[in-house]
Amino acid sequence: MASNQFPHNAARTPAGRIRRSAVAVVAGLTAVTLLTACGYGSKSTDNKAAGSPAAASPAGDVKLSTDTVKIGYFANLTHGTPLVGLKEGIFQKELGTTQIKPQIFNAGPAEIEALNAGSIDIGWIGPSPAINGFTKSDGKSLKIISGSASGGVKLVVNPDKVTSLDDLKGKKIATPQLGNTQDVALLNYLSTKGFKVDANTGAGDVSVVRTDNKVTPDAYKSGAIDGAWVPEPTASKLVTLGAKVLLNEKSIWPDNKFVITNIIVSQKFLKEHPDVVEAVLRGSVNTNAFIKANPEKAKASANAAIKEAAGNALEPAVLDPAWQDIDFLDDPLAGTLQSEADHAVTAGLLKKPDLNGIYDLTLLNKVLKAAGQSAVADAGLGTK
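Residues numbered from 1 in each chain as written. Predicted model: local features only at pLDDT ≥ 70, side-chain atom pairs only at ≥ 80, totals over all residues. Heavy atoms only, no water.

Observations regarding helix α12 (residues 316-324)
Regarding α12, the residues found buried are V318, L319, A322 and W323. All buried residues of α12 lie within an arc of 105° about the axis, which places them on one face of the element. For α12, the exposed residues set more than 90 degrees away from the buried face come down to P316 and Q324. Buried-residue contacts for α12 involve α2 (80-87), α8 (234-240), α10 (274-293), α11 (295-310) and β11 (326-328). (Buried < 20%, exposed > 50% of the residue type's maximum accessible area, 1.4 Å probe, protein only. Helix = DSSP H or I, 4+ residues; strand = E, 2+ residues; numbered from the N terminus. Arc of directions from axis to C-beta. Contact = heavy atoms within 4.5 Å.)

A closer look at the sheet that holds strand β9 (residues 244-248)
Strand order in the open sheet made by the 5 strands is β7-β6-β8-β5-β9, with mixed pairing throughout. The open sheet has two edge strands with one neighbour each: β7 (207-210) and β9. Adjacent strand axes in the sheet meet at a mean angle of 30° when their direction is disregarded. With 2 bridges joining them, strand β6 (residues 172-175) and strand β8 (residues 227-231) adopt parallel strand pairing. From the neighbouring strand, I173 faces β8, where its bridge partner is G227. (Pairing = 2+ DSSP bridges. Axes fitted to C-alpha atoms, helices over the stretch in contact; angles between N-to-C directions.)

Let's talk about the packing of aromatic side chains
Applying the stated criterion across every chain, the model contains 4 aromatic pairs. Taking 5.6 Å as the distance between ring centres and 80° as the angle between the ring planes, the aromatic pair formed by F91 and W124 counts as edge-to-face. Placement of F91 in helix α3 (residues 90-95) and of W124 in strand β3 (residues 122-125) is noted, with a sequence separation of 33 residues between them. For F91, a relative accessible area of 1% puts it in the buried group. We classify W124 as buried; its relative accessible area is 0%. (Phe/Tyr/Trp six-rings, centres within 6.5 Å; stacked < 30°, edge-to-face > 60°.)

With respect to unusual backbone geometry
Glycine aside, residues mostly have negative phi angles, and peptide bonds mostly take the trans form. E232 connects to P233 through a cis peptide bond whose omega is 10°. Mapped onto the secondary structure, P233 falls in the loop between β8 and α8. Positive phi, normally seen in glycine, also occurs at L333, with a value near 50°. Residue classification places L333 among the buried residues on the basis of a relative accessible area of 13%.

Remarks on the layout of surface pockets
By volume, the second largest pocket amounts to about 190 Å³. Lining the second largest pocket are I291, K292, P295, E296, K299, D320, W323, Q324, I326, D327 and F328. A per-class count over the lining of the second largest pocket returns 5 nonpolar, 1 polar and 5 charged. (1 Å grid on protein atoms, 1.4 Å probe; cavity = no way out; pocket = protein on both sides within 12 Å on 5 of 7 lines; lining within 4 Å. Points joined across faces, edges and corners; volume = space filled by probe spheres on them. Nonpolar A, V, L, I, M, F, W, Y, C, P; charged D, E, K, R; others polar.)

Some thoughts on the sheet that holds strand β1 (residues 68-74)
Judged by pairing direction, the sheet is mixed, and its 6 strands sit side by side in the order β2-β1-β3-β10-β4-β11 without closing on themselves. The open sheet has two free edges, formed respectively by β2 (99-105) and β11, since each of these has just one partner strand. Each strand of the sheet is rotated relative to its neighbour by a mean of 25°, with strand direction disregarded. Across 4 bridges, β3 lies against strand β10 (residues 259-266) in antiparallel orientation. Bridge assignment links G123 to a residue of β10, and that residue is I264. Each of β1, β2, β3, β4 (142-151) and β11 touches α2; the most contacted strand, β1, lies at about 130° to it.

Structural notes on the pattern of salt bridges
If the charged atoms of two oppositely charged side chains come close together, the side chains can form a pair. Summed over the entire model, instances satisfying the criterion amount to 19 salt bridges. A salt bridge links E94 to R282; its shortest N-O distance comes to 2.8 Å. Residue E94 is located in helix α3, and its partner R282 is located in helix α10; the two are separated by 188 residues in the primary sequence. Of the two residues, E94 and R282, neither departs from the other in class, the shared state being buried. Here K268 and E272 are joined by a salt bridge, their closest N and O atoms 3.1 Å apart. Taken as a pair, K268 and E272 lie in helix α9 (residues 267-272) at a separation of 4 residues, close to a single helical turn. For K268, a relative accessible area of 55% puts it in the exposed group. (Salt bridge = Lys/Arg side-chain N within 4 Å of Asp/Glu carboxyl O.)

Set out below in structure tokens:
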């Protein structure tokens, strides 16, 4: 996923350093960008209800502790919770008179910078930038307050060149960005299979080619790469070009689950407006329930939200398999976050981070209890 990035070249770069990424404006995006990128620029959008929420709201027109809440996310299927919840009016119903001010990002580091600057209060984001933001601030900037999505990442290859995992030697495999979540996953997987790759250069038994998701399909068509370890919808776009799925990343994780999207909040906003944070979490839990109960309607809502953000919807051949592979859930899968950080350390892309205190699941578990659901765990990373 674009810019779910761990700092790289740790021997020469201070731990926790985030490579700056600009927030692009979505207005000029092309259809190719929409179909292949993981996020699509920076743009505020209106939040008019387009359906009914998943559950009755206790908020109604209740006045919460702030008039507005600024929410960041990507116009990407793995951020389906905010896409669907905003489109269906579920979040707004929970927030009552508190106005939502959304902002769309295409890069995790840019979203972290916005959170640190107070430009957003709450955000949906991948694991790597959440780890970076937490460690760079010495644990003072953010908290992970919920999970949102798992899965949605695949290794897809040219079937004329690669027919089995043993055929990867000598091949060129793309990842979205040096040190991003998928890059770390590929490096770790290759290491477990005995392949040797220099993490920083990508050179080795398998050539790891860092390629922006926007241009990965063209690189595949030109033969510049033999495959890619990429998130949806890029993976499914490559399949429409003739690639085959060689490995679904969820198959190598316990219970076929690993975190791809979390919810983070500014610690300052959490302290000052816990009632608003709780309302957003109710919206997230209700939205995930809505997605499970109405998968086709939810998929259409997510695609409509993407079209509104970038001007083009995903074609069914890309949308359908991509949506099916993503699990929307409230559990942050905290143990897998620690594993992803450990994989980056092993690869030499990250100095061992102190993640103690990165989670605060108090409000989420309160919401889950009220909904009659079981509490979720923080893997021992909830205290500092």
